[in-house]
Amino acid sequence: MNIFRLIADLMHLASIFILLLKITTSRSAAGISFKTQALYAVVFCTRYLDLFTNFYSIYNSVMKIFFIGSAVYILYLMKIRFKATWDPNLDTLRVEFLLVPAAVLALFFNYGFKFMEITWAFSIYLEAVAILPQLFQLTRTGEAETITTHYLFALGGYRGLYIVNWIYRYIYENKVDWIAVVAGLVQTGLYLDFFHIYFTKVLKGKKFQLPA
């Protein structure tokens, strides 16, 4: 594992801890898209099916268990424990428009027409667009809490660093995972407007607000 992937994984972990901190300390899921969190749970559950069949390392297994477990726990917090604080009227993007294309792409573009390969490809395609309900909700509210923007920055930064990781692997290991690369570029591209506002406002101590 190279340093870029390690830092990316740590940023991914940080994003989850920030989200859990935001929900548990404020006792509120306001501003968080339940649909995005549900999509991430689907991503992790379909990507890490090999947890029960293949062992790579303790690090790998622990990370997979953590991502699945934390995703389910976040759904519990939002849908049960702090249900009254989540407003479904703001979380309105239709997820079938994301799930169906991801499934179709996985059937046609994969590394082998086998169940595990198809579900892995599906998880990659779905992760690329899983943030869209959250970003769509931001456009409806026009603003976000600072801690929520830190969560989104860490989540977007993790994927951005994976691009650097792929470049490193191409140069030094001569390996290219085109499915992950293309999906990762799409995913990072979706964050560009958010990154611009984050760097120009939030990091300068201003409130995150979308242009009128």
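Whatever comes next refers back to the structure up there.
Scope of this entry: the structure provided in the associated data block.

Observations regarding the overall build of the protein chain
Turning to step 1, where the next piece is worked out: Looking only at helices and strands, the protein chain features nine helices and two strands.
Turning to step 2, where the next piece is worked out: In sequence order, the secondary structure elements of the protein chain are arranged as α-α-α-α-α-α-β-α-α-α-β.
Turning to step 3, where the next piece is worked out: Compactness check: the protein chain gives a C-alpha radius of gyration of 17 Å against a globular reference of 17 Å for 212 residues, within 12% of the reference.
Turning to step 4, where the next piece is worked out: Dimensions of the protein chain, computed from C-alpha atoms along their principal axes, come out at roughly 45 × 35 × 35 Å.
Turning to step 5, where the next piece is worked out: Taking as baseline every contact in the protein chain between residues at least 6 positions apart, the subset at least 24 positions apart corresponds to 77%.

A few points about helix α1 (residues 3-26)
Turning to step 1, where the next piece is worked out: Counted at 1.5 Å a residue, the expected span for α1 with its 24 residues is 34 Å, and the 34 Å between its end C-alpha atoms agrees.
Turning to step 2, where the next piece is worked out: Turning to α1, its buried residues number three or more, namely Ala8, Asp9, His12, Leu13, Ser15, Ile16, Leu19, Leu20, Lys22 and Ile23.
Turning to step 3, where the next piece is worked out: Along its buried surface, α1 packs onto α2 (34-47), α3 (58-81) and α7 (146-173).
Turning to step 4, where the next piece is worked out: N-cap assignment for α1: the residue whose side-chain oxygen lies 2.9 Å from the backbone N of phenylalanine 4 is asparagine 2.

Quick notes on the nonpolar core
Turning to step 1, where the next piece is worked out: Counting 58 residues, the largest nonpolar core has Tyr40 and Met78 as the members making the most contacts within it.
Turning to step 2, where the next piece is worked out: Top element by residues in this core is helix α5 (residues 115-129). It accounts for eight residues.
Turning to step 3, where the next piece is worked out: Among all residues touching methionine 78, those that are not within four sequence positions of it are Ile23, Ala29, Ile32, Ser33, Phe34, Gln37, Lys83 and Trp86.

Concerning unusual backbone geometry
Turning to step 1, where the next piece is worked out: Despite not being glycine, arginine 27 shows a phi value in the positive range, around 55°.
Turning to step 2, where the next piece is worked out: Note on placement: arginine 27 falls in the loop between α1 and α2.
Turning to step 3, where the next piece is worked out: Of note, asparagine 174 is a non-glycine position whose phi angle comes to about 55°, a positive value.
Turning to step 4, where the next piece is worked out: Tracing the backbone through its elements, the reader meets asparagine 174 in the loop between α7 and α8 (178-190).
Turning to step 5, where the next piece is worked out: The exposed category is assigned to asparagine 174, whose relative accessible area is 63%.

Structural notes on the packing of α1 against α7
Turning to step 1, where the next piece is worked out: With their axes 8 Å apart at the nearest point, α1 and α7 run at an angle of 165° to one another. By the angle class used here, α1 and α7 are roughly antiparallel. Like other packed secondary-structure pairs, α1 and α7 cross with a definite hand, here left-handed.
Turning to step 2, where the next piece is worked out: For the contact of α1 with α7, the per-class residue count stands at 17 nonpolar, six polar and three charged.

What to know about the environment of arginine 159
Turning to step 1, where the next piece is worked out: You can see arginine 159 is positioned in helix α7.
Turning to step 2, where the next piece is worked out: Residue classification places arginine 159 among the buried positions, given a relative accessible area of 6%.
Turning to step 3, where the next piece is worked out: Arginine 159 sits 129 residues away from alanine 30 along the chain, and the two C-alpha atoms are 25 Å apart.
Turning to step 4, where the next piece is worked out: Those residues in contact with arginine 159 that lie beyond four places of it in its chain are Glu127, Trp166, Gly184, Gln187 and Thr188.
Turning to step 5, where the next piece is worked out: Side chain to side chain, arginine 159 and glutamine 187 meet in a polar contact 3.2 Å long.

Topic: the environment of glycine 156
Turning to step 1, where the next piece is worked out: With respect to the helices and strands, glycine 156 occurs in helix α7.
Turning to step 2, where the next piece is worked out: Sequence spacing of glycine 156 and phenylalanine 194 is 38 residues, and the spatial spacing of their C-alpha atoms is 9.2 Å.
Turning to step 3, where the next piece is worked out: The residues contacting glycine 156, other than those within four sequence positions of it, are Tyr191 and Phe195.

What counts, and where the lines are drawn
- Residues numbered from 1 in each chain as written.
- Predicted model: local features only at pLDDT ≥ 70, side-chain atom pairs only at ≥ 80, totals over all residues.
- Heavy atoms only, no water.
- Helix = DSSP H or I, 4+ residues; strand = E, 2+ residues; numbered from the N terminus.
- Rg over C-alpha atoms; globule rule 2.2 N^0.38 Å.
- Contact = heavy atoms within 4.5 Å.
- Expected span 1.5 Å × (residues − 1).
- Buried < 20%, exposed > 50% of the residue type's maximum accessible area, 1.4 Å probe, protein only.
- Polar contact = N/O pair within 3.5 Å; in protein donor to acceptor, adjacent residues only side chain to side chain.
- Core = buried A, V, L, I, M, F, W, Y, C linked by side-chain atoms within 4.5 Å.
- Axes fitted to C-alpha atoms, helices over the stretch in contact; angles between N-to-C directions.
- Parallel < 35°, antiparallel > 145°, perpendicular 65-115°, else oblique.
- Left-handed = near helix turned anticlockwise from the far one by under 90°.
- Nonpolar A, V, L, I, M, F, W, Y, C, P; charged D, E, K, R; others polar.

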